[in-house]
Amino acid sequence: MSVLIYVELDNGSIKKTSLEAVAYGAKVAEKTGDKAVVLAIGAAASSALEIAGNYGASKVLHASDEKLTHENSLAYADALAQAVEQEGSKIIVLSKSGLGDAMAARAAAKLKAGVVSGVTALPEINGSFKVTRGIFTGKAFATTEMKSDVKILVVKKNVIEITENDVASASAVVETFSPQLRDADFQASVVNVEKASSELSLTEAQIIVSGGRGMKGPEHWQPLVDLAKALGAATGCSKPVSDLDWRPHHEHIGQTGIKVAPNLYIACGISGAIQHLAGVNGSKCIVVINKDPEAPFFKAADYGIVGDVFEILPKLTEAAKNL
Amino acid sequence: MKILVCISNVPDTTAKITFTDNDTRLNKNGIQYIIGPYDDYALARGVELKEQSGGTLTVLHVGEADADPQIRKALAIGADDAIRVNADPLDSYFVAVQIANVAKQNNYDLILMGRESIDYNSGVVHGLVGEMLGIGSYSPVMKLDIEGGSATISREIDGGKEILKAPLPLVLGCQEPIAEWKIPNMRGIMTARTKPLNVVEPVSVDEMTVPEKYFLPAPKGACKMIPAGEAETLIRLLRTEAKVL
């Protein structure tokens, strides 16, 4: 038997969040005495997939049919279910994303499997199988027992830390996987794809610099962008800022926007409404810069500076460049 | 066109979450319940599509009677009738089976709901329902137009957006800016009182996952304040102390 891990690809490489899922799946496999098998769908060189071995996988199934080049959650879920059946897997791991949830859901219905999305820790396997998940947008957690024979876990980012010691120099065997493709999965046609390819994706970014209404207007964003550049960070914003069209909607971080969990989140001129905090409470370290010492965000922060963002940001950028 | 909009009944986004009964139940004391914010977007777009092209809009909730005020609100916003599957659902799978069961009996062209409920944040119900019905499912949908039996969908993908054209029927998870939230007017509130709200019993589902215990995150340590005049020292602390640079 095996634990099956689905990995997402970005330009032919396994995404960092998916490598975490591989490490997670390998740790689960260690507990259950199974092997960790990875499924990758889309175009990629074998050498780019072999590195899953470094994170504990013994085998990678690679489905590279041309029809699967464009992300298609329906067909991908079908492929996942077929891989599960081929490998006889009882535990399936995906990383939390729009695609991960969509595939987990459709595969769960196909396989009559229980699915828990938003898993935040390794499972407790002790006669029963229990997982911990984030609920109420990070305001709380639940321990949930999974009773179904086949179990699907959608794992949040930064759940396990990959240290240098975890990365072995083993490489996984890459096998071609040719799932049966169903016409029903290809009824939608893609009219257009717009990708902000030059920008770092918020969900993948390790550092995020984010701005709120305290930035005073879209024309004042440059100091924030400069700091982001110096730190190799992605830029985000609060809901009022995207509502006012100061910044594009896909930068909106919060309860009804994107939930992020970077190593470092720097909030500039964001007061910290509970809905915004809900989108960032998975961050490892939070820095808050605000002129109002009473801003509620300071209560959720690790480091705080009370002062004018337009004076502070250039100083930080300068210091970051000199690192 | 026959539209089904599925709504969740969730604590208000500003609610302070605590637990009771030895941490096995949410403490509902003093909590204001609302239609899930994402479901509210789905409902608003559903009402607009119905007004444009005619047809009917049914609102569906899987849950107990305490959700009835929120269901009446959905009727006041513009749904024609409502179905409540009377159950205390254990998980997404259970909810999806109930929705799929209602859908199988009624042949909807479009099934809309939020991208996720804001209590359990799973974001899997639309995918489960789509597969159970053998039809397409997409999420998160930010723009939706229907023309001649097919939908043009703009949805968010990692770091960008994708525009799809897909034949109906479909199940869609919605998010802003698909439509503006609608506030019921007086006439809507009056007519909602007499619109049908049918309560039906759930179909049985094998237990898949069972919540056991709830807990709150560990309290955050104190925030370390750095004087504005020494802002640049922050970068050094982030490297040497927090070890995040």
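Calculation notes
- Each residue is numbered by its place in its chain's sequence as written, counting from 1.
- Both sets of labels track the order of writing: A upward for chains, 1 upward for ligands.
- Two thresholds apply to this predicted model, a pLDDT of at least 70 for residue-level local features and 80 or more for giving and counting side-chain atom pairs, whereas whole-chain, interface and lining totals are computed over all residues.
- A run of H or I in DSSP counts as a helix once it spans at least four residues, and a run of E counts as a strand once it spans at least two, with each numbered from the N terminus.
- With C-beta atoms placed from the backbone, a residue counts as buried when 20 or more other C-beta atoms lie within 10 Å of its own, as exposed when 12 or fewer do, and as partly exposed for counts between those limits.
- By the criterion used throughout, residues are in contact when their C-beta atoms, derived from the backbone, lie within 7 Å.
- UniProt positions are given in the numbering used here, feature names are shortened, and annotations may be inferred rather than shown by experiment.
- One requirement defines pairing of two strands: DSSP has to find at least two bridges between them.
- Axis definition: a line fitted to C-alpha atoms, limited for helices to the stretch in contact. Angles are taken between N-to-C directions and run from 0 to 180 degrees.
- Orientation labels follow simple angle bins: below 35 degrees gives roughly parallel, above 145 gives roughly antiparallel, 65 to 115 gives roughly perpendicular, and whatever is left gives oblique.
- Note: crossing handedness is left-handed where the near helix turns anticlockwise from the far helix by less than a right angle, and right-handed where it turns clockwise.
- Gly is put with the polar residues, along with every residue not named as nonpolar or charged; the nonpolar set is Ala, Val, Leu, Ile, Met, Phe, Trp, Tyr, Cys and Pro, and the charged set is Asp, Glu, Lys and Arg.
- The length a helix should cover is 1.5 Å for every residue beyond the first.
- Directions from the helix axis toward the C-beta atoms define the arc.
- Marked domain ranges trace back to an automatic or database domain assignment.

Student: What is the right way to read the overall build of chain A from this model?
Tutor: When you go through chain A residue by residue, the secondary structure sums to eight helices and 18 strands. Evaluated residue by residue, chain A yields a buried proportion of 57% over its 323 residues. Here the analysis covers contacts within chain A between residues at least 6 apart in sequence; of these, 65% occur between residues at least 24 apart.

Student: I'm lost on the UniProt feature "binding site: FAD" (unreviewed entry) in chain A in this one. Help?
Tutor: Mapped onto this numbering, the UniProt entry gives "binding site: FAD" (unreviewed entry) at Arg213(A), Gly269(A), Ile270(A), Ser271(A), Gly272(A), Ala273(A), Ile274(A), Gln275(A), His276(A) and Asn290(A). Within the secondary structure layout, Gly272(A) lies in the loop between strand S16 (264-268) and helix H7 (274-280). Leave out the neighbours within four places in its chain, and Gly272(A) touches Leu277(A), Ala295(A), Pro296(A), Phe297(A) and Ala300(A). Looking at the secondary structure, you find Gln275(A) in helix H7. Judged by the 18 C-beta atoms lying within 10 Å of it, Gln275(A) falls in the partly exposed class. The contacts of Gln275(A), once residues within four sequence positions are left out, are Lys239(A), Gly254(A), Gln255(A), Thr256(A) and Thr13(B).

Student: What is the right way to look at unusual backbone geometry in this model?
Tutor: Peptide bonds are mostly trans, and most non-glycine residues show a negative phi. Note that the residue after Ser139(B), namely Pro140(B), is joined by a cis bond; omega there is -10 degrees. The residue Pro140(B) is located in strand S9 (residues 136-147) in this model. With omega at 0 degrees, the peptide bond leading from Glu176(B) into Pro177(B) counts as cis. Structurally, Pro177(B) can be placed in the loop between strand S12 (170-174) and helix H5 (186-192). Notably, Lys216(A) is not glycine yet its phi reads approximately 75 degrees, a positive angle. Its location among the elements puts Lys216(A) in the loop between strand S14 (207-211) and helix H5 (222-231). Judged by local crowding, Lys216(A) falls into the partly exposed class, with 13 C-beta atoms found within 10 Å.

Student: Explain the sheet that holds strand S6 (residues 56-63) of chain B here, please?
Tutor: The strands making up a sheet associate through backbone hydrogen bonding, with each pair oriented either parallel or antiparallel. The mixed open sheet is built from ten strands, whose spatial order is S13(A)-S11(B)-S10(B)-S9(B)-S12(B)-S8(B)-S1(B)-S6(B)-S7(B)-S13(B). Among the strands making up the open sheet, the edge pair consists of strand S13 (189-195) of chain A together with strand S13 (197-200) of chain B. Strand-to-strand twist across the sheet, computed as the mean angle between neighbouring axes with direction ignored, equals 30 degrees. The strands touched by helix H1 (residues 37-53) of chain B are strand S1 (2-6), S6, strand S8 (110-114), S9 and S12 of chain B; relative to S8(B), the strand with the most contacts, the crossing angle is about 150 degrees.

Student: I keep staring at the sheet that holds S14(A) and nothing clicks. Help me out?
Tutor: Across the sheet, which stays open at both edges, the six strands sit in the order S15(A)-S14(A)-S16(A)-S17(A)-S18(A)-S15(B) with parallel pairing between neighbours. For this open sheet the edge positions go to strand S15 (234-237) of chain A together with strand S15 (224-225) of chain B, each flanked by a neighbour on one side alone. As paired elements, S14(A) and S16(A) share five bridges and run parallel to each other. Its bridge partner being in S16(A), Ser210(A) is matched across the sheet by Ala267(A).

Student: For this particular structure, what's the right way to read the UniProt feature "domain: Electron transfer flavoprotein alpha/beta-subunit N-terminal" (unreviewed entry) in chain B?
Tutor: Residues given the UniProt feature "domain: Electron transfer flavoprotein alpha/beta-subunit N-terminal" (unreviewed entry) here are residues 23-209 of chain B. A helix fraction of 31% and a strand fraction of 33% characterise residues 23-209 of chain B, whose end C-alpha atoms lie 18 Å from each other.

Student: Would you mind showing me how to read the packing of helix H3 (residues 92-106) of chain B against helix H4 (residues 125-133) of chain B here?
Tutor: Residues and elements named next belong to chain B. One way to put it is that H3 packs onto H4 with a least axis distance of 9 Å and a crossing angle of 45 degrees. For the element pair H3 / H4, the angle class is oblique. As for how H3 packs across H4, the hand of that crossing is right-handed. Residues Ser92, Tyr93, Val95, Ala96, Val97, Ile99, Ala100, Ala103 and Lys104 of H3 lie in contact with H4, whose contacting residues are Val125, Leu128, Val129, Met132 and Leu133. Split by residue class, the contact of H3 with H4 holds twelve nonpolar, one polar and one charged.

Student: Please clarify how the interface of chain A and chain B should be interpreted in this entry.
Tutor: Many descriptions give the size of an interface as the accessible area lost when the pieces come together. In this assembly, 72 residues from chain A lie in contact with 63 residues from chain B. Sort the elements by how many residues they give to the side of chain A that touches chain B and helix H4 (residues 98-111) of chain A lands first, with nine residues. When grouped by side-chain class, the residues that make up the side of chain A that touches chain B number 34 nonpolar, 23 polar and 15 charged. Relative to strand S11 (residues 160-167) of chain B, S13(A) runs antiparallel, the two sharing six bridges. Pairing of Val190(A) across the sheet is with Leu164(B), part of S11(B).

Student: Can you walk me through helix H1 (residues 16-32) of chain A in this structure?
Tutor: Every α-helix carries 3.6 residues per turn, so stepping three or four residues along brings you back to the same face. All names here are of chain A. End to end, H1 covers 25 Å across 17 residues, agreeing with the expected 24 Å (1.5 Å per residue, within 8%). Most of H1 is tucked away: twelve of the 17 residues are buried. The set of residues buried in H1 consists of Thr17, Ser18, Leu19, Glu20, Ala21, Val22, Ala23, Tyr24, Gly25, Ala26, Val28 and Ala29. Looking at the buried positions of H1, the neighbouring elements they touch are strand S1 (2-7), strand S3 (13-14), strand S4 (35-41), strand S6 (91-95) and strand S11 (151-155). In the segment just after H1, Gly33 is the residue with positive phi, at about 70 degrees.

Student: It is not clear to me how H5(A) should be interpreted in this structure. Could you clarify?
Tutor: All names here are of chain A. Where H5 is concerned, the buried positions are Pro223, Leu224, Leu227, Ala228 and Leu231. Angularly, the buried residues of H5 cover 140 degrees about the axis, an arc narrow enough to put them on a single face. With its phi angle positive at about 65 degrees, Gly232 sits one or two positions after the end of H5.

Student: Whenever I open this one, the domain arrangement of chain A confuses me. Can you help?
Tutor: All names here are of chain A. Taken domain by domain, chain A comprises domain 1 (2-186) and domain 2 (207-321). With centres defined by C-alpha atoms, the gap from domain 1 to domain 2 works out at 32 Å. Between domain 1 and domain 2, the contact holds six residues from the first and seven residues from the second.

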